[in-house]
Protein chains: 2
Amino acid sequence: MTRLTQARIETLAREALTRHGASERQAEALAAAIAAAERDGLKSHGLMYLPTYCEHLTCGKVLGLAEPRLTRPAPAVVAVDAGNGFAHAAIAAGLPPLIEAARSQGVAALAIRNSYNCGALGYHTERIAQAGLVGLGFTNAPASIAPWGGGKAAVGTNPWSLAVPDGQGGARFVIDQSASVVAKSEVIKRARAGEPIPPGWAFDASGETTTDAGEALKGTMAPAGGYKGVGAALLVEVFAACLTGANPGLVASPFSGTTGGPPGTGQFFLAVSPDATSGGLFAGNLETVAGAFIGEARLPGTRRFGARENNVQGIEVAAETLATLEKLSGTAA
Amino acid sequence: MTRLTQARIETLAREALTRHGASERQAEALAAAIAAAERDGLKSHGLMYLPTYCEHLTCGKVLGLAEPRLTRPAPAVVAVDAGNGFAHAAIAAGLPPLIEAARSQGVAALAIRNSYNCGALGYHTERIAQAGLVGLGFTNAPASIAPWGGGKAAVGTNPWSLAVPDGQGGARFVIDQSASVVAKSEVIKRARAGEPIPPGWAFDASGETTTDAGEALKGTMAPAGGYKGVGAALLVEVFAACLTGANPGLVASPFSGTTGGPPGTGQFFLAVSPDATSGGLFAGNLETVAGAFIGEARLPGTRRFGARENNVQGIEVAAETLATLEKLSGTAA
């Protein structure tokens, strides 16, 4: 274990990305998110993912020199064509005008197409909350959940995220949840280890519940809450793919591996001004709602905020991860 | 069983409501929704609920003479103070300016406070879809779901609804789902009959799973998908209560019974113009997504649309329901 500062992780990640073909702009936006994920204890979205990002630059799943193209099709709408670059550069381009539009119009939307996996969705919605606005985000993924009772994948594990402003430049809480019972990576991990999965996580290719991780990978992921999880995935698909003009999960290429070219998936963000909609009652009501969780259970996002506080002095990085980082960034001794 | 036309049900329901103190405006908006629920086979939101509506007019849980007060705090925001009348009159007042604002701004919001149970949420979002816009709706309810792992109710069963336009003046599909595994009314029904409930529906007052319907009513409703169901309920609470300035479920009076005065809950609707956000790609993408359900499972809302088609010639009303309707409307022989 080595301790690195967030800034150091960001610098090394940026170097790794530019070394594999990303422009400064593309690398900067993604490296900031990778370092923030490490800071927040979200290891799976941090340095662990960097080799895949570099590989995807090399194989052409991501176009490292893409320039996000921003248009304003309506007063309250910001549209960004990510040009099959990283989602992060497109979102970074779109957030400032989204926030400005929400402040002047009361509510505004940011629609992103020709995009890619955006990492932790809550990273982006939290930035909307930091501007004093309620942020709601949707991002779609290659299809892996079947319609309830069916056997063929139709929609992705499609997360949505809500970030709620605390009135002091931060987020009171952040929800960031996918539509599946567990992440697909949990099933992949067990398939590789030859271990079974608990019942209820996934279905085999014939639509039956399975505890065989290998069979599960040929089948579909179980939606959280049965048909209601399918409903949540469908909600996200309508916003992140249909309303943006991005590729639906059914036709998107995989987020893993090197084949199929750019996935071309999408993101959709809404920003709402509590000042415009609540008549000054937002903060008080929010404390009533948040207060009901005190002494009962953690508010969503509490674990992230806790890790963030603990990591102010430095972030623990495993020796193997550091070795990979140094190799990818060309800083190995 | 008697067959009544939708128009006849609407007329009788309107008469019942005005006879119990509702203004023409209040009665008209609600009676149309009751008749539409009967047409769509949603009996629990139809005439079955009429005695409660009338009782709530009599006891003062609903103010029958309330005039919804509409303001425009920002170009893309419509705010309505329902004045503790029925939600339906407030929503009816807010939908036309919401739709107009979404068409000109690209996205718009309708925030309603001092409101009441709005019946089937999908009834309202579908009207947004009929205008060619994507409609997303939230409505909150008195607290009955506990934070995951906790024992005290914090948020209501809080449904959300998505209605997606079909490009021909209708809805391609309508999702309308609550955050709980089942509706609380299902537990009440079994408690009255002295029957057990299946495990997984509800928790007792100590937070343990129970199959005793009576104990469940002293406890909390189980969220669909565990903590993800709590997340969905919290999302709805933020929009329907915090962003509107309505009463959070924790302080709202019950939707049933006659005590506690007006619940003062809220609704929040978003309308998004696909033309503004999707660059002309909405319809094609929607067919890709909807097409993945064909031959696999029903798209959400299919049952409603099927009942609607079957009921064109008349809606079957049980003898007992008709007798109650005639009594309430003063048309009994």
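Not measured: the values here are computed from a predicted model. Numbering of residues starts from 1 in every chain and runs along the sequence as written. Labels follow written order: the first chain is A, the first ligand is 1, and so on. With the structure being a predicted model, the display of local features is reserved for residues of pLDDT at least 70 and the display and counting of side-chain atom pairs for 80 or more, all residues being used for whole-chain, interface and lining totals. Think of the side-chain values as coming from all heavy atoms in the structure, minus any hydrogens and water.

### Brief notes about the pattern of salt bridges
All names here are of chain B.
For step 1, the next point in the chain: The term salt bridge refers to a pairing of a side-chain nitrogen on Lys or Arg with a carboxyl oxygen on Asp or Glu at a separation within 4 Å. Tallying each qualifying case throughout the model produces 22 salt bridges over all chains.
For step 2, the next point in the chain: Of the charged contacts, one joins Glu316 and Arg3 as a salt bridge, the two residues approaching to 3.3 Å between their closest N and O atoms. Of the two residues, Glu316 sits in strand S11 (residues 315-317) while Arg3 sits in strand S1 (residues 2-4), which places them 313 residues apart along the sequence.
For step 3, the next point in the chain: Classification of Glu316 by relative accessible area gives partly exposed; the value is 39%.
For step 4, the next point in the chain: A relative accessible area of 48% means that Arg3 is categorised as partly exposed.
For step 5, the next point in the chain: For the salt bridge of Lys189 with Glu186, the shortest nitrogen-to-oxygen distance reads 3.4 Å. Placement of both Lys189 and Glu186 in helix H6 (residues 184-193) is noted, with a separation of three residues, approximately one turn of the helix.
For step 6, the next point in the chain: Residue burial is assigned from relative accessible area. The probe radius is 1.4 Å, only protein chains are included, and a residue is buried under 20% of its type maximum, exposed over 50%, and partly exposed in between. When its relative accessible area of 24% is taken as the criterion, Glu186 is described as partly exposed. Secondary structure elements are taken from DSSP: a helix is a run of H or I of four residues or more, a strand is a run of E of two residues or more, and numbering for both begins at the N terminus.

### Concerning unusual backbone geometry
All names here are of chain B.
For step 1, the next point in the chain: Look at Asn84: it is not a glycine, yet its phi comes out positive at around 65°.
For step 2, the next point in the chain: Looking at where Asn84 falls in the secondary structure, it is placed in the loop between strand S3 (77-81) and helix H4 (87-105).
For step 3, the next point in the chain: Of note in this structure, Asn114 is not a glycine but carries a positive phi near 50°.
For step 4, the next point in the chain: Topologically, Asn114 is positioned in strand S4 (residues 107-115).

### Observations regarding the environment of Met1(B)
Residues and elements named next belong to chain B.
For step 1, the next point in the chain: If you trace the backbone, Met1 turns up in the segment before S1.
For step 2, the next point in the chain: A residue is classified by how much of its surface remains accessible, and Met1, at 71% relative accessible area, is exposed.
For step 3, the next point in the chain: Excluding anything up to four places from it in sequence, Met1 contacts Glu316, Val317, Ala318 and Ala319. Only heavy atoms matter for contacts: two residues are in contact if any of them lie within 4.5 Å across the pair.

### Quick look at the packing of helix H1 (residues 6-19) of chain B against helix H12 (residues 319-329) of chain B
To characterise two packed helices, one gives the angle between the axes of the helices and the distance between these axes.
Residues and elements named next belong to chain B.
For step 1, the next point in the chain: Inter-axis angles, ranging from 0 to 180 degrees, are taken between N-to-C directions of lines fitted to C-alpha atoms, where helices are fitted over the stretch in contact. Contact pair H1 / H12: the axes reach a minimum separation of 7 Å and the direction vectors enclose 45°. Between H1 and H12, the angle falls in the class oblique. For the element pair H1 and H12, the recorded crossing hand is left-handed. Between H1, through Leu12, Ala13, Glu15, Ala16 and Arg19, and H12, the contact on the second element is made entirely by Leu325, Lys327, Leu328 and Ser329. Orientation is classified from the angle alone, with under 35 degrees giving roughly parallel, over 145 giving roughly antiparallel, 65 to 115 giving roughly perpendicular, and any other angle giving oblique. Two helices that cross are described as forming a left-handed crossing if the nearer one is turned anticlockwise from the farther one by less than a right angle, and a right-handed crossing if clockwise.

### A closer look at the domain arrangement of chain A
Many analyses report the size of an interface as the accessible area lost when the parts associate.
Residue and element names in this part refer to chain A.
For step 1, the next point in the chain: Domain limits in this description derive from either an automatic procedure or a database domain assignment. Its domain assignment divides chain A into domain 1 (1-59 + 301-333) and domain 2 (69-180 + 223-299).
For step 2, the next point in the chain: The straight-line distance from the C-alpha centre of domain 1 to that of domain 2 is 23 Å.
For step 3, the next point in the chain: Each side of the interface is counted separately: domain 1 has 23 residues, and domain 2 has 24 residues.
For step 4, the next point in the chain: A buried area of about 1,900 Å², summed over both sides, lies between domain 1 and domain 2, and 56% of it is on carbon and sulfur atoms.
For step 5, the next point in the chain: Here the quantity called buried area is the accessible surface, traced with a 1.4 Å probe, that two parts lose on coming together, added over both. Area buried by domain 1 at its contact with domain 2 is led by Gln26, His56 and Arg304, which between them contribute 25% of it.

### Topic: the interface of chain A and chain B
For step 1, the next point in the chain: Listed per partner, the contact involves 72 residues of chain A and 72 residues of chain B.
For step 2, the next point in the chain: Across the interface of chain A and chain B, roughly 5,400 Å² is buried in total on both sides, 74% from carbon and sulfur atoms.
For step 3, the next point in the chain: Per-residue buried area on chain A facing chain B is highest for Lys228(A), Leu243(A) and Glu296(A); these three make up 12% of the total on that side.
For step 4, the next point in the chain: Applying the counting rule to chain A against chain B returns zero salt bridges.
For step 5, the next point in the chain: Two N or O atoms count as a polar contact when they lie within 3.5 Å, although within protein this holds only if one can serve as hydrogen donor and the other as acceptor, and sequence-adjacent residues are included solely when both atoms are side-chain atoms. Across the chain A-chain B interface, the total number found is 22 residue pairs in polar contact (both at pLDDT 80 or more).
For step 6, the next point in the chain: Counting residues per element, the side of chain A that touches chain B draws most heavily on helix H8 (residues 227-242) of chain A, at twelve residues.
For step 7, the next point in the chain: Ten residues, namely Ala, Val, Leu, Ile, Met, Phe, Trp, Tyr, Cys and Pro, are considered nonpolar, four, namely Asp, Glu, Lys and Arg, are considered charged, and the remaining ones, Gly among them, are considered polar. In the side of chain A that touches chain B, the residues fall into 49 nonpolar, 18 polar and five charged.

### Looking at the packing of aromatic side chains
Residue and element names in this part refer to chain A.
For step 1, the next point in the chain: Only the six-membered ring of Trp is used, alongside the rings of Phe and Tyr, when aromatic pairs are assigned; centres must lie within 6.5 Å, and planes under 30 degrees apart are stacked while those over 60 apart are edge-to-face, with the rest tilted. Under the defined criterion, the tally for this structure stands at 16 aromatic pairs over all chains.
For step 2, the next point in the chain: Seen in terms of ring centroids, Phe86 and Tyr116 are 5.6 Å apart; in terms of plane orientation they differ by 75°. Their pairing is edge-to-face. Residue Phe86 is found in the loop between strand S3 (77-81) and helix H4 (87-105), and its partner Tyr116 is found in the loop between strand S4 (107-115) and helix H5 (121-130); the two are separated by 30 residues along the sequence. Tyr116 matches Phe86 in its accessibility class, with the two residues each being buried.

### Thoughts on the pairing of strand S7 (residues 171-177) of chain A
All names here are of chain A.
For step 1, the next point in the chain: Of all seven residues in S7, five are buried, a share of seventy percent or more.
For step 2, the next point in the chain: Whether two strands pair depends on DSSP finding at least two bridges between them. One ladder, built from six bridges, connects strand S6 (residues 160-165) with S7; its direction is antiparallel. Looking across to S7, one finds that Trp160 is bridged to Gln177.

### Focus on empty space enclosed by the protein
For step 1, the next point in the chain: Of the grid points, spaced at 1 Å and generated over the protein atoms alone, those admitting a 1.4 Å probe that cannot get out make up cavities, while open sets with protein on both sides within 12 Å along at least five of seven lines make up pockets; any residue with an atom within 4 Å of a point is treated as lining. Grid points are joined across faces, edges and corners, and a volume is the space filled by probe spheres set on the points. On inspection of all chains with the given rule, the structure shows four cavities of 30 Å³ or more.
For step 2, the next point in the chain: Of the pockets and cavities examined, the largest cavity occupies roughly 200 Å³.
For step 3, the next point in the chain: Every residue lining the largest cavity is counted, 20 residues in all, and those nearest its centre are Lys228(A), Ala232(A), Gln177(B), Lys228(B) and Ala232(B).
For step 4, the next point in the chain: Within the lining of the largest cavity, the residues separate by chemical class into ten nonpolar, eight polar and two charged.

### Let's talk about the environment of Glu208(A)
Residue and element names in this part refer to chain A.
For step 1, the next point in the chain: Tracing the backbone through its elements, the reader meets Glu208 in the loop between strand S8 (202-203) and helix H7 (213-218).
For step 2, the next point in the chain: Here the alpha-carbon distance between Glu208 and Asn140, two residues 68 residues apart in the chain, equals 25 Å.
For step 3, the next point in the chain: Apart from the residues lying within four places of it in its own chain, the contact partners of Glu208 are Ala202 and Phe203.

### Examining the sheet that holds strand S10 (residues 265-272) of chain A
All names here are of chain A.
For step 1, the next point in the chain: Ordered in space as S2-S3-S4-S10-S5-S6-S7, the seven strands form an open sheet in which the pairing is mixed. The sheet is open, and its two borders are formed by strand S2 (69-74) and S7, each paired with just one other strand. Neighbour-to-neighbour, the strand axes of this sheet turn through a mean angle of 15°, independent of strand direction.

### So, the relation of the copies chain A and chain B
Put simply, the second copy of the chain is the first one after a rotation about an axis and a shift along it.
For step 1, the next point in the chain: What sets the superposition is a least-squares fit of C-alpha atoms, and only residues with pLDDT of at least 70 in both copies go into it. Expressed as a screw transformation, the operator carrying chain A onto chain B has a rotation angle of 180° and an axial translation of 0.0 Å, and the superposed copies differ by an RMSD of 0.0 Å. Considering both components of the superposition, the chain copies are consistent with a two-fold axis. When each C-alpha of chain A is compared by its distance to the rotation axis, Gly225(A) comes out closest, at 1.8 Å.
For step 2, the next point in the chain: Taken as a fraction of all interface residues of chain A, those also at the interface in chain B reach 100%, which identifies the copy contact as same-surface.

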